[in-house]
Amino acid sequence: MKHLFLWMCLLLVVQQTVFSQAKEPWTNSQLMATKTLADKITSNQTKDLLVLNVGPDALIKGSIDIGAAHDAGSLQKLKDYLKNVKKDKAIVIYCGCCPFDRCPNVRPAFQTLMDMGFKNAKLLDVPKNLKVDWIDKQYPTVQ
Amino acid sequence: MKQLLLFVLLVTALHSNAQNKTLAVGDQAPAISLLQPSGKTLQLSDLHGKIVLIDFWASWCLPCVKEQPLLKAIYKKHANSGRFEILGVSLDSKKENWEKSIQRLGITWPQVSDLKFWNSVPARDYGVEELPFNVVVNEEGKIIAINLHDKALEQFLDQQLTNK
């Protein structure tokens, strides 16, 4: 009886882990910390990296403004932009309007990248928003 | 040794004060002087003598958009008294999106923006760290409430505007 209870607890934990992972189109390994990207920009190591804004505005230095991906027009713009990009290209997308649980842009954008077969795509991990997690940390912005 | 410790404490306190720009009830509201969609400048001081709800919002902020019907109801209830105004401060960066949202939501109170997204100057001055965010300012330009929402906001404004 004791073993059965332990097995049930273990099963519940595994189920919870799998479920919480499965509900997002990205995995934890597909998240990039803001500091990682900021360091790459500061040290000019973004030659082979495509940084795309899929939110309200391209605030990060050197990023390309696609537009808010909740809008069908912007999502199409993202598809068109990536049409001729190699599938192994390193890409980072970001929004930063608000935390992920409230953001209407990161999910459709990241799912599009996955559907298009990009193998080296990442989502910038912005826990709160670009003000708190980028501007206030004095990371490089568009002038 | 004591003096050194005091010096370290003082430097730490000054440093944390410099970083913490958050406002408090009783503070004078920082000046706002921005363009309206029409291109005309509107200043917060132009509304002096009224209780002003400064609503920081953006067309891309879903909770802000969801809050607009409540603001509309509050405005309808109190705007005719001549003692109340709402000042919408948008963190939009694209004028077209800002204007479209004002129209779509049927917002009739004054709206201003510097179209700088999270680089917005008033957002920095008011220590806005997430949206929606609001501040209520009294007739003398002093802050009397910070970040009230839903029923709490409605009740607070009812109280301020009916008790005098």
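Refer to the structure above for everything that follows.
Computed from a predicted structure; not experimentally measured.

*Asks:* Looking at this structure, I do not really get the overall build of chain B. What am I missing?
*Replies:* When its secondary structure is counted, chain B shows five helices and seven strands. Each helix and strand of chain B, placed in order from N terminus to C terminus, yields the pattern α-β-β-β-α-β-α-β-α-β-β-α. A total of 164 residues make up chain B; the buried ones form 46% of that total. When contacts within chain B are restricted to residue pairs at least 6 apart in sequence, long-range pairs at least 24 apart make up 68% of them. Element-wise, carbon and sulfur atoms account for 56% of the exposed surface of chain B, whose accessible area totals about 8,800 Å².

*Asks:* Looking at this structure, how should I read the sheet that holds strand β3 (residues 64-65) of chain A?
*Replies:* Either a parallel or an antiparallel arrangement is found when strands of a sheet pair, and the pairing is made through backbone hydrogen bonds. Residues and elements named next belong to chain A. Strands sit in the order β1-β5-β4-β2-β3 across an open sheet of five strands; the sheet is parallel. Only two strands of the sheet have a single neighbouring strand rather than two, namely β1 (31-33) and β3. Across three bridges, the pairing between strand β4 (residues 90-94) and strand β5 (residues 121-125) is parallel. Pairing of Ile93 across the sheet is with Leu123, part of β5.

*Asks:* Sorry, what's going on with the state of the cysteines here?
*Replies:* Between two cysteines, a covalent bond joining their sulfur atoms is known as a disulfide. Applying the stated criterion across every chain yields a total of one disulfide over all chains. Free of any disulfide, Cys103 of chain A has its nearest cysteine sulfur in Cys95 of chain A, 3.6 Å distant.

*Asks:* What is the right way to read the packing of helix α3 (residues 72-82) of chain A against helix α4 (residues 106-115) of chain A from this model?
*Replies:* How two helices sit against one another is set out by the angle between their axes and by the gap between those axes. All names here are of chain A. Contact geometry for α3 and α4: axes closest at 10 Å, N-to-C directions at 30 degrees. Judged by the inter-axis angle, α3 sits roughly parallel to α4. Note that α3 runs across α4; the crossing there is right-handed. Contact residues: Leu75, Leu78, Lys79 and Leu82 in α3; Pro108, Ala109, Thr112 and Leu113 in α4. When the residues that make up the contact of α3 with α4 are grouped by side-chain class, the tally is six nonpolar, one polar and one charged.

*Asks:* Quick question: what am I supposed to make of the environment of Asp101 of chain A here?
*Replies:* Mapped onto the secondary structure, Asp101 of chain A falls in the loop between β4 and α4. Note: C-alpha distance between Asp101 of chain A and Lys128 of chain A (27 residues apart in sequence) is 9.9 Å.

Scoring rules and cut-offs
- Every chain's residues receive numbers from 1 upward, in the order its sequence appears when written.
- For naming, the first written chain is A and the first written ligand is 1, with later ones following in the order written.
- Given that the model is predicted, a residue must reach a pLDDT of at least 70 before its local features are reported, and side-chain atom pairs must reach 80 or more before they are shown or counted; all residues, however, enter totals for whole chains, interfaces and linings.
- Excluded from the side-chain calculations are hydrogens and water; all other atoms, namely the structure's heavy atoms, are used.
- Each helix corresponds to a stretch of at least 4 residues labelled H or I by DSSP, and each strand to a stretch of at least 2 residues labelled E; elements are numbered beginning at the N terminus.
- Three exposure classes are used, based on accessible area relative to the maximum for each residue type with a 1.4 Å probe and protein chains only: buried under 20%, partly exposed in between, and exposed over 50%.
- Should any heavy atoms of two residues lie within 4.5 Å, those residues are considered in contact.
- For the accessible areas, the method is Shrake-Rupley and the probe is 1.4 Å, while residue cover comes only from the protein chains on display.
- When DSSP locates at least two bridges between a pair of strands, those strands are taken to pair.
- By definition, disulfides here are pairs of cysteine sulfur atoms that lie within 2.5 Å.
- Every angle, taken between N-to-C directions, lies between 0 and 180 degrees, and every axis is a line fitted to C-alpha atoms, over only the stretch in contact when it is a helix.
- Relative orientations are named as follows: roughly parallel for angles under 35 degrees, roughly antiparallel for angles over 145 degrees, roughly perpendicular for angles from 65 to 115 degrees, and oblique for any other angle.
- Crossings are classed by handedness, with left-handed meaning an anticlockwise turn of the near helix from the far one by less than a right angle and right-handed meaning a clockwise turn.
- Gly counts as polar in this scheme, as do all residues outside two lists: the nonpolar Ala, Val, Leu, Ile, Met, Phe, Trp, Tyr, Cys and Pro, and the charged Asp, Glu, Lys and Arg.

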